[in-house]
Amino acid sequence: IANIFPLMPQEKLRELARNTRSSHQELTQTATALAAAGAETAAGIFNLTMNIEKFAIGTDQSLDTATNSVVRFANAFGWTLDGNTQEIWKFLNVVNLVSKRTASTADEVLAAATEFAPYAKMLNISAANAVAFAAVLPSLGLSADEAGTALKNMAVYAIENADLIAQAMAPVNEAYQD
């Protein structure tokens, strides 16, 4: 472990383990996964580990599932794991919020949002809005996989038919500007 992140004292992870439900080993696995995914600074790795742990506790997620979703979502949006700690924390908070305000679970929202994220980024849809889109379909009864696929297909259609969509929206845009 010391070779992976020599700047991060294991005592910080041990202290976190004493104050959370996750074991030192689980937290070390999360920190290791974040380092492998590109987080480079000890502070960035520790802060993300701590934030993902808080999210996992608050939404009854496994630490491993939450970590994998964060890494995939961050990669899709082009966030560096060191430089976008606040953006990632906001993302986790939005997932938590929409899962509490809709009939979707955090697990469903994470799965659908992670599937949709690369396409949302291509369409300039914000991370928060991508999460909101991902929460709607499971709350209507679709599985997380079905919701992610439906959102992905919608995005592909929008990308492939951008001119057609722009023509169809022109009267709405004109009316809105009046």
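As the structure is a computational prediction, the values presented were derived from the model and not from experiment.

### Here we look at the overall build of the chain
And step 1. Secondary structure summary: the chain contains nine helices and zero strands in total.
And step 2. Reading the chain from its N terminus to its C terminus gives the helix and strand order α-α-α-α-α-α-α-α-α.
And step 3. Along the three orthogonal principal directions, the C-alpha set of the chain runs to about 60 × 30 × 30 Å.
And step 4. Counting every position in the chain, which comprises 178 residues, the buried fraction comes to 39%.
And step 5. Contacts spanning at least 24 positions in sequence make up 63% of the contacts within the chain whose residues lie at least 6 apart.

### Considering the nonpolar core
And step 1. Membership of the largest hydrophobic core comes to 46 residues, with the highest contact counts inside it found for Phe73 and Phe91.
And step 2. Residue assignment for this core shows that the elements contributing at least two residues are helix H1 (10-18), helix H2 (24-36), helix H3 (42-59), helix H4 (63-77), helix H5 (85-101), helix H6 (106-122), helix H7 (127-139) and helix H8 (144-160).
And step 3. Every residue in contact with Phe91, bar those within four places of it in the chain, is listed here: Val70, Phe73, Trp79, Leu110 and Val131.

### Overview of H1
And step 1. Considered for burial, the residues of H1 that qualify are Gln10, Leu13, Leu16 and Ala17. For H1, the angular spread of the buried residues around the axis is 120°, confining them to a single face.
And step 2. Those residues of H1 that are buried are in contact with H2 and H3.

### With respect to the side chain of Thr20
And step 1. Examined against the element boundaries, Thr20 turns out to sit in the loop between H1 and H2.
And step 2. Polar side-chain contacts of Thr20 include one of 3.0 Å to the backbone oxygen of Leu16.
And step 3. What Thr20 contacts, discounting residues up to four positions off in sequence, is Leu27, Glu53 and Ile57.

### Considering H6
And step 1. Between its terminal C-alpha atoms H6 stretches 24 Å, which fits the 24 Å expected from 17 residues at 1.5 Å a residue.
And step 2. Approximately 45° is the largest bend angle found in H6, and it occurs at Phe116, with the proline Pro118 only one to four residues beyond.
And step 3. Buried residues of H6: Ala106, Val109, Leu110, Ala112, Ala113, Thr114, Phe116, Ala117 and Ala120, and no others.
And step 4. Where H6 is buried, its residues contact H3, H4, H5, H7 and H8.
And step 5. Downstream of H6 by a residue or two, Asn124 has a phi angle that is positive, lying close to 60°.

### A word on the pattern of salt bridges
And step 1. Under the definition given, this model contains five salt bridges.
And step 2. Across the salt bridge formed by Arg21 and Asp60, the nearest N and O atoms sit 3.6 Å from each other. Placement of the pair is Arg21 in the loop between H1 and H2 and Asp60 in the loop between H3 and H4, with a sequence separation of 39 residues.
And step 3. Owing to a relative accessible area of 63%, Asp60 belongs among the exposed residues under this scheme.

### Examining the packing of H5 against H6
And step 1. In contact at an axis separation of 8 Å, H5 and H6 are set at 130° when each is read in the N-to-C sense. The angle between the axes of H5 and H6 places the two elements in the oblique class. Classified by chirality, the crossing of H6 by H5 is right-handed. Across the interface between the two elements, Phe91, Val95, Val98 and Ser99 from H5 touch Ala106, Val109 and Leu110 from H6.

### Examining the packing of H6 against H8
And step 1. Relative orientation of the contacting elements H6 and H8 amounts to 10°, with a least axis distance of 8 Å. Between H6 and H8, the crossing angle belongs to the class labelled roughly parallel. Across from Glu108, Ala111, Ala112, Glu115, Phe116, Tyr119 and Met122 in H6, the residues of H8 making contact are Ala144, Ala147, Gly148, Thr149, Leu151, Lys152, Met154, Ala155, Val156 and Ile159.
And step 2. Split into classes, the residues belonging to the contact of H6 with H8 amount to twelve nonpolar, two polar and three charged.

Basis of the calculations
- Residues numbered from 1 in each chain as written.
- Predicted model: local features only at pLDDT ≥ 70, side-chain atom pairs only at ≥ 80, totals over all residues.
- Heavy atoms only, no water.
- Helix = DSSP H or I, 4+ residues; strand = E, 2+ residues; numbered from the N terminus.
- Buried < 20%, exposed > 50% of the residue type's maximum accessible area, 1.4 Å probe, protein only.
- Contact = heavy atoms within 4.5 Å.
- Core = buried A, V, L, I, M, F, W, Y, C linked by side-chain atoms within 4.5 Å.
- Arc of directions from axis to C-beta.
- Polar contact = N/O pair within 3.5 Å; in protein donor to acceptor, adjacent residues only side chain to side chain.
- Expected span 1.5 Å × (residues − 1).
- Bend = angle between axes of the 7 residues up to and from the residue.
- Salt bridge = Lys/Arg side-chain N within 4 Å of Asp/Glu carboxyl O.
- Axes fitted to C-alpha atoms, helices over the stretch in contact; angles between N-to-C directions.
- Parallel < 35°, antiparallel > 145°, perpendicular 65-115°, else oblique.
- Left-handed = near helix turned anticlockwise from the far one by under 90°.
- Nonpolar A, V, L, I, M, F, W, Y, C, P; charged D, E, K, R; others polar.

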